[in-house]
Amino acid sequence: MAGADDIVRGLLVVIVVAIGTVLGWVLFVRTPDNLAQLLGVLLVVAVAVATARIGSNIASSLLPVHNVAEVAVEGPISRDGGSGITSPPVGASADDIVEQIERADEDRGSKALLLKLNTPGGEIVPSEDIRIAAEEFDGPTIAYATDVCASGGYDIAAGCDELWAREGSIVGSIGVVGSRVNAKELADRLGLSYEQFTAGEYKDAGVPLKEMSEDEREYLQGIVDDYYDQFIDTVAEGREMDTETLKATEARIFLGEEADERGLVDRLGTRDDVEASLEQRLGEDVTIKEYEPERGLAGKLRGGAQQVAFALGAGIAGVADGDIEGLSFRR
């Protein structure tokens, strides 16, 4: 069956290339009398190459060669991966990853999703967006922790059917951190004073240029506690674990073997072991397609414009998701 599919795919590509070549010859060589022959030949070749790519895409769509989609979550998680207009992402872009998972779900060949996790976590809502996309995938979802699956990465894993890890993988850190820079003393030394006009008692809570009152500290700690409770509840539901067992980890990290003993992972094994398990689930040999971001120049420009807008609107406040006037909340 696989051999027959390969033959049909090859024929589809050849047919589309032939059509494109003939079309290019008619358009650029035969019809215009004033075009140089060489230019016409070059244009025919260009059209043939373009149609070959189109034909390959059509063939892959109609007769996919894969049955498992792989999407990687690598590095700190943020909305855009920390990329700019001219710079590549330095971490995991939640928007790109969600888009990859959705493309995989729409691909008729993707019977299962393999989510490769190597992340220390990051911003709260972007991490949740990836987890929700994994939950909504129509088919088995397997999370595979390579080096690190911590905090927001573990949140994502809670949205999958299984979590695999290596014996040396770092797993856990089921907690939330709220942080702020205290620059009050430095500002005093430089002769800078803080003055801000606000409406609402806690509007400027956490601003680094002023001392934090006990009421503000209690208020902000309450936000961290709420995020933590949400995290525990999400993991407890997704992993079918007791909330007290999760709280007892005290946001510590564990090597894969201890994480397995505590029930934080389902199975230990190598990448080959994961693929063998997928073959048993699907009842057929596994062929994996790795999905990559399809974010073009327009997407980068859009992302760069959003960054500028957020920065202008936030002033000295942090622009990361979950930030409140310089206080950053992360998993």
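Structure first, text after, so check above.
Only a predicted model underlies this, so the values are computations on that prediction, with no experimental measurement involved.

K.L.:
Please explain the pattern of salt bridges as it appears in this structure.
P.N.:
Opposite charge on two side chains makes pairing possible when the charged atoms of those side chains draw close. A full pass over the atoms with the stated rule returns 15 salt bridges. Among the salt bridges present, the one from Asp95 reaches Arg79, with a minimum N-O distance of 3.0 Å. In this pair, Asp95 sits in helix H3 (residues 94-106) while Arg79 sits in the loop between strand S2 (77-78) and strand S3 (92-93), placing the two residues 16 residues apart along the sequence. For Asp95, a relative accessible area of 41% translates into the label partly exposed. Members of the salt-bridge network, linked through shared partners, are Glu70, Arg271 and Glu275.

K.L.:
Teacher, can you tell me more about the nonpolar core here?
P.N.:
Generally speaking, nonpolar side chains in soluble globular proteins are found buried as a group. In terms of nonpolar packing, the biggest core is built from 50 residues, with Val73, Leu115, Ile130 and Tyr154 touching the most fellow members. Where this core is concerned, the elements lending two or more residues are strand S1 (68-74), H3, strand S4 (112-119), helix H4 (124-136), strand S5 (141-150), helix H5 (152-157), strand S6 (162-165) and helix H7 (214-239). Of all the elements, H7 adds the most residues to this core, at nine residues. Structurally, this core is a two-domain feature, drawing no fewer than three residues from each of domain 2 (65-173 + 252-299) and domain 3 (178-242).

K.L.:
How should unusual backbone geometry be read in this particular structure?
P.N.:
For residues other than glycine, phi is negative in most cases, and the peptide bonds are mostly trans. Despite not being glycine, Glu240 shows a phi value in the positive range, around 55°. Position of Glu240 relative to the elements: it lies in the loop between H7 and helix H8 (243-247). Using a relative accessible area of 74% as the deciding quantity, one classes Glu240 as exposed. Of note in this structure, Glu250 is not a glycine but carries a positive phi near 55°. Looking at the element boundaries, Glu250 is found in the loop between H8 and strand S9 (253-255).

K.L.:
How do you make sense of a nonpolar patch on the surface when you look at a structure like this?
P.N.:
A cluster of nonpolar side chains, contributed by Leu11, Ile15 and Ile19, occupies part of the molecular surface with about 300 Å² of accessible area. Along the polypeptide, Ile15 turns up in helix H1 (residues 2-30).

What counts as what
Residues numbered from 1 in each chain as written. Predicted model: local features only at pLDDT ≥ 70, side-chain atom pairs only at ≥ 80, totals over all residues. Heavy atoms only, no water. Salt bridge = Lys/Arg side-chain N within 4 Å of Asp/Glu carboxyl O. Helix = DSSP H or I, 4+ residues; strand = E, 2+ residues; numbered from the N terminus. Buried < 20%, exposed > 50% of the residue type's maximum accessible area, 1.4 Å probe, protein only. Core = buried A, V, L, I, M, F, W, Y, C linked by side-chain atoms within 4.5 Å. Domains from an automatic or database assignment. Patch = residues over 30% accessible without salt bridge, like charges linked within 9 Å, V, L, I, M, F, W, Y side chains within 5 Å. Areas by Shrake-Rupley, 256 points an atom, 1.4 Å probe, with all protein chains shown as cover.

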